[in-house]
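Fold and geometry: a report
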Amino acid sequence: MAEKARVLLPLLLFMLVLVRKGESVWLNIPRSGNKCVTEEIHNNVVVVGDYVVISDDHLHPTPTISAKVTSPYGNVLHHKENITHGQFAFTSSESGQYLTCFWPDRPGQGGALSVNIDWKIGVAAKDWETVARKEKIEGVELELRKLEGAVEAIHDNLLYLKGREAEMRGVSESTNFRVAWFSILSLGVCILVSCAQVWYLTRFFQKKKLI
Amino acid sequence: MERGERKMKAYAVLGLLLLSTFAGDVSALSVTVNDVECVYEYVLYEGDTVSGNFVVVDHDIFWSSDHPGIDFIVSSPGGNVVQTMKGTSGEKFEFKAPRSGMYQFCFHNPYSTPETVSFYIHVGHIPNEHDLAKDEHLDPVNVKIAELREALESVTAEQKYLKARDARHRHTNESTHKRVIFYTIGEYILLALASGLQVVYIRRLFSKSVAYNRV
């Protein structure tokens, strides 16, 4: 692990220059099969992603990977093959699990691969540089704007959680109702079935002239 | 949707960590832990506070009322274990990074059923004297803004934890809802079937093929 850190450190610092603001997420891609990242995103959220591949074994040229982003209903939002660097951006139109998968193009030959993923959603995906340029703000004011954005995101999240809780409460109450009714109904079914049995057997024995 | 994702055999690995003096926001990603899944995060400065949480979301238990949970181990770049949590189904954690470097966050699943873990990790940094070049001065406003940002981050982290717990609760709720219906209808059908079989059996006891009046 320490060796890996020593190896990755200069590469990482280089990546930090390439990747925005030093955000980095490191995944290990297996030699065969794929590595997937999922997230539950609700409707109408901006999603921005950026990924770079490096080879742990320092192979040249860097082995390429393929990447695919899928929406919860199966629509492919981004699909690229034979690349070492790519990015995608979209606004979610469906609510659910979004799946991002990476797999090596030549399984078994690539060696150990690590992919650096920069994945931002919602307020973090906002392009503050454009806002700063447009409104000509900088420094402390820009930072305070970012904080304001963060607070708004917290508020929105709270409302979302509240909505979810209301939904779940509805399901719970419905389950409660069902448990009560179906238990009583099961008693009713039991009595009905046993009455039907008794009635049928009585008729049967009367027919057989045993009663 | 969740069932489809569960059916996927692919490893879902999630790494989250933003390293940045401008601590951006990281989404709470989900990983499917089959045996061991490790996430790596780079901590830029020594003394940074690394905080986060994780929740085991996919909890398809059938018999027992509580799953034994998964193990969570944080290792520093030197190989030392910084934090360990055993047998938990969701926890918050926080520690001060003793050194900078690549930290490893591992989830161990002691059982054969794959579990989906949703987690969020945040590395927070407050600028101090050591970060600056020799001729720069530390503006107290920047320090205060950084502290504010960290406070807001902790609120966001708590929200993500709540969201993950809510997702798990929702999962259990929906499962209960479905089970109530299916098991009750199944129970009715089985009851009717059992009594039908009883009647058939009694009829056969009195049938002509068996010696008449022997019963």
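Since this is a predicted model, take the numbers as computed values, not measurements. For every chain, the first residue of the written sequence is number 1, and numbering continues from 1 along that sequence. A letter from A marks each chain and a number from 1 marks each ligand, given out in the order of writing. The predicted nature of this model means local features are confined to residues of pLDDT at least 70 and side-chain atom pairs, given and counted, to a pLDDT of 80 or more, with totals for whole chains, interfaces and linings taken over all residues. As a rule here, side-chain values cover all heavy atoms of the structure and leave hydrogens and water aside.

**Brief notes about the nonpolar core**
- Nonpolar core, defined: a set of buried Ala, Val, Leu, Ile, Met, Phe, Trp, Tyr and Cys residues in which side-chain atoms within 4.5 Å join the residues together. Residue burial is assigned from relative accessible area. The probe radius is 1.4 Å, only protein chains are included, and a residue is buried under 20% of its type maximum, exposed over 50%, and partly exposed in between. Within the largest apolar cluster, 22 residues are counted, with the highest numbers of intra-cluster contacts made by Ile41, Tyr51, Ile65, Phe102, Val115, Ile117 and Trp119 of chain A.
- Helix and strand assignments follow DSSP, with helices taken as H or I runs no shorter than four residues and strands as E runs no shorter than two, numbered in order from the N terminus. Residue assignment for this core shows that the elements contributing at least two residues are β1 (25-29), β2 (35-41), β3 (46-55), β4 (65-70), β6 (85-91), β7 (96-104) and β8 (113-121) of chain A.
- By residue number, the principal contributor to this core is β8 of chain A, which donates five residues.
- The next biggest cluster of nonpolar side chains, apart from the first, holds 21 residues, and it includes Val31, Val33, Ala97 and Ile121 of chain B.

**Let's talk about the UniProt feature "transmembrane region" (unreviewed entry) in chain B**
- UniProt positions are given in the numbering used here, feature names are shortened, and annotations may be inferred rather than shown by experiment. Sites flagged by UniProt as "transmembrane region" (unreviewed entry) map to residues 180-202 of chain B.
- Taken end to end, residues 180-202 of chain B is 100% helix and 0% strand, and its first and last C-alpha atoms sit 33 Å apart.

**Concerning the pattern of salt bridges**
- Just to be clear on terms, a salt bridge is a Lys or Arg side-chain nitrogen sitting within 4 Å of an Asp or Glu carboxyl oxygen. Inspection of every chain in the model, using the stated rule, returns ten salt bridges over all chains.
- The salt bridge involving Arg149 of chain B is made with Glu143 of chain A; its shortest N-O contact spans 2.7 Å. One end of the pair, Arg149 of chain B, is in helix α2 (residues 140-205); the other, Glu143 of chain A, is in helix α3 (residues 140-207), on a second chain. Across this residue pair, the class does not change: Arg149 of chain B and Glu143 of chain A are buried.
- As a salt-bridge pair, Glu147 of chain B and Lys144 of chain B come within 3.1 Å of each other at their nearest N and O atoms. Here Lys144 of chain B and Glu147 of chain B lie together in helix α2, a separation of three residues that amounts to about one turn.
- Given a relative accessible area of 36%, Glu147 of chain B falls into the partly exposed group.
- One network of salt bridges, with partners in common, ties together Glu40 and Arg164 of chain A together with Asp166 and Arg170 of chain B.

**A look at the packing of aromatic side chains**
- Here a pair means two rings of Phe, Tyr or Trp (six-membered ring of Trp) with centres within 6.5 Å. Their orientation is stacked below 30 degrees between planes, edge-to-face above 60, and tilted elsewhere. With the rule as written, the count across this model stands at 18 aromatic pairs over all chains.
- Ring geometry for Phe204 of chain A versus Phe205 of chain A: centroids 5.7 Å apart, planes at 50°, classification tilted. Comparing Phe204 of chain A with Phe205 of chain A, the two get one shared label, buried.
- Ring pairs connect the aromatic residues Phe54, Phe72, Phe93, Phe95, Tyr103, Phe105, Phe107 and Phe119 of chain B, which therefore count as one cluster.

**Side note on the state of the cysteines**
Residue and element names in this part refer to chain A.
- Cysteine sulfur atoms that pair up within 2.5 Å are treated as a disulfide. What the rule picks out here adds up to two disulfides over all chains.
- What pairs with Cys36 in a disulfide is Cys101, and their sulfur atoms sit 1.9 Å apart. On the sign convention where negative is left-handed, the bridge of Cys36 and Cys101, at about 100° about the S-S bond, is right-handed. Of the two residues, Cys36 is situated in strand β2 and Cys101 in strand β7; the sequence distance between them amounts to 65 residues.
- On the basis of relative accessible area, Cys36 is assigned to the buried category, the value being 1%.
- No disulfide involves Cys195; its sulfur sits 10.0 Å from that of Cys190, the nearest cysteine.
- Its relative accessible area of 48% is what places Cys195 among the partly exposed residues.

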